Amino acid sequence: MNQQQQLDAIQVSIYKAKHAIELGAALERLLENSDFIKVFKKGYMEDEAQRLVVLKTDYNMQDERSQKMIDYGIIGIGQLNSYTSMLLQQAEAMKAALADMEEAKSEIIQGE
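Residues numbered from 1 in each chain as written. Predicted model: local features only at pLDDT ≥ 70, side-chain atom pairs only at ≥ 80, totals over all residues. Heavy atoms only, no water.

Participant: Looking at this structure, how should I read the packing of aromatic side chains?
Facilitator: For any two aromatic rings, the description comes down to two numbers: the centre-to-centre distance and the angle of the planes. Tallying each qualifying case throughout the model produces one aromatic pair. Relative to phenylalanine 40, the ring of phenylalanine 36 lies with its centre 5.2 Å away and its plane at 25°, an arrangement referred to as stacked. A residue pair is termed a helical-turn pair when its members lie 3 or 4 positions apart in one helix, as phenylalanine 36 and phenylalanine 40 do in helix α2 (residues 34-56) at four residues. (Phe/Tyr/Trp six-rings, centres within 6.5 Å; stacked < 30°, edge-to-face > 60°. Helix = DSSP H or I, 4+ residues; strand = E, 2+ residues; numbered from the N terminus.)

As structure tokens, then:
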């Protein structure tokens with residue numbers, strides 16, 4: 001790989017890192033928003049999760065179709081939680097890596 005190709009690869013990595021950091025920052029702002037907290041954190045992630053868990057043992061919800069729908073609801077809540085956690089972790093990792101990427105870019109430019 002020549003220097004220009006290395007530089008191009010690093011610039012793409014820097015762009016992706018900055019994008020991940022921006023997503024993480026946007027999510028952090030969202031997670032602090034009172035409407036988001038009310039509707040999603042409290043309403044969906046907590047209240048709906050509790051409702052679905054109670055429904056799992058409801059006598060009228062024991063048929064296979066109802067149980068599958070309840071399971072899908074529980075899984076959806078877990079998936080959303082996993083996704084938000086992953087975005088925050090990626091943002092933190094990219095914050096740590098960005099300085100190294102910038103340094104590598106500078107070294108390639110100085111070596112040209």
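From this point, the narrative continues.
Participant: Please clarify how helix α1 (residues 3-32) should be interpreted in this entry.
Facilitator: Taking 1.5 Å of rise per residue, 30 residues should cover 44 Å, and α1 covers 43 Å from first to last C-alpha, within 8% of that figure. The complete set of buried residues in α1 reads Leu7, Ile10, Ile14, Ala17, Ala20, Ile21, Gly24 and Leu27. Packing partners of the buried residues in α1 comprise α3 (64-111). The residue sitting at the N-terminus of α1 and contributing the capping side-chain oxygen is asparagine 2; that oxygen lies 3.0 Å from the backbone nitrogen of glutamine 4. (Expected span 1.5 Å × (residues − 1). Buried < 20%, exposed > 50% of the residue type's maximum accessible area, 1.4 Å probe, protein only. Contact = heavy atoms within 4.5 Å. Polar contact = N/O pair within 3.5 Å; in protein donor to acceptor, adjacent residues only side chain to side chain.)

Participant: Teacher, can you tell me more about the nonpolar core here?
Facilitator: Nonpolar side chains in soluble globular proteins tend to end up buried together. Listed in full, the eight residues of the largest apolar core are Leu7, Ile10, Ile14, Ala17, Ile21, Leu98, Met101 and Ile108. Of all the elements in the fold, those that place two or more residues in this core are α1 and α3. Per-element accounting of this core gives the leading share, five residues, to α1. Residue contacts for isoleucine 14: discarding those within four places in its chain leaves Leu98, Met101, Glu102 and Lys105. (Core = buried A, V, L, I, M, F, W, Y, C linked by side-chain atoms within 4.5 Å.)

Participant: Got a minute to help me understand a nonpolar patch on the surface in this structure?
Facilitator: On the surface, Met69, Tyr72 and Ile75 cluster together into a nonpolar patch covering about 340 Å² of accessible area. In this structure, isoleucine 75 sits in helix α3. (Patch = residues over 30% accessible without salt bridge, like charges linked within 9 Å, V, L, I, M, F, W, Y side chains within 5 Å. Areas by Shrake-Rupley, 256 points an atom, 1.4 Å probe, with all protein chains shown as cover. Salt bridge = Lys/Arg side-chain N within 4 Å of Asp/Glu carboxyl O.)

Participant: Is there a simple way to think about the environment of glutamate 48 in this case?
Facilitator: Note on placement: glutamate 48 falls in helix α2. A C-alpha to C-alpha distance of 53 Å links glutamate 48 and glutamine 4, two positions 44 residues apart in sequence. Among residues more than four places away in sequence, those in contact with glutamate 48 are Gly43 and Ile77. Polar contacts involving the side chain of glutamate 48 include one to the side chain of arginine 51, which spans 2.8 Å.

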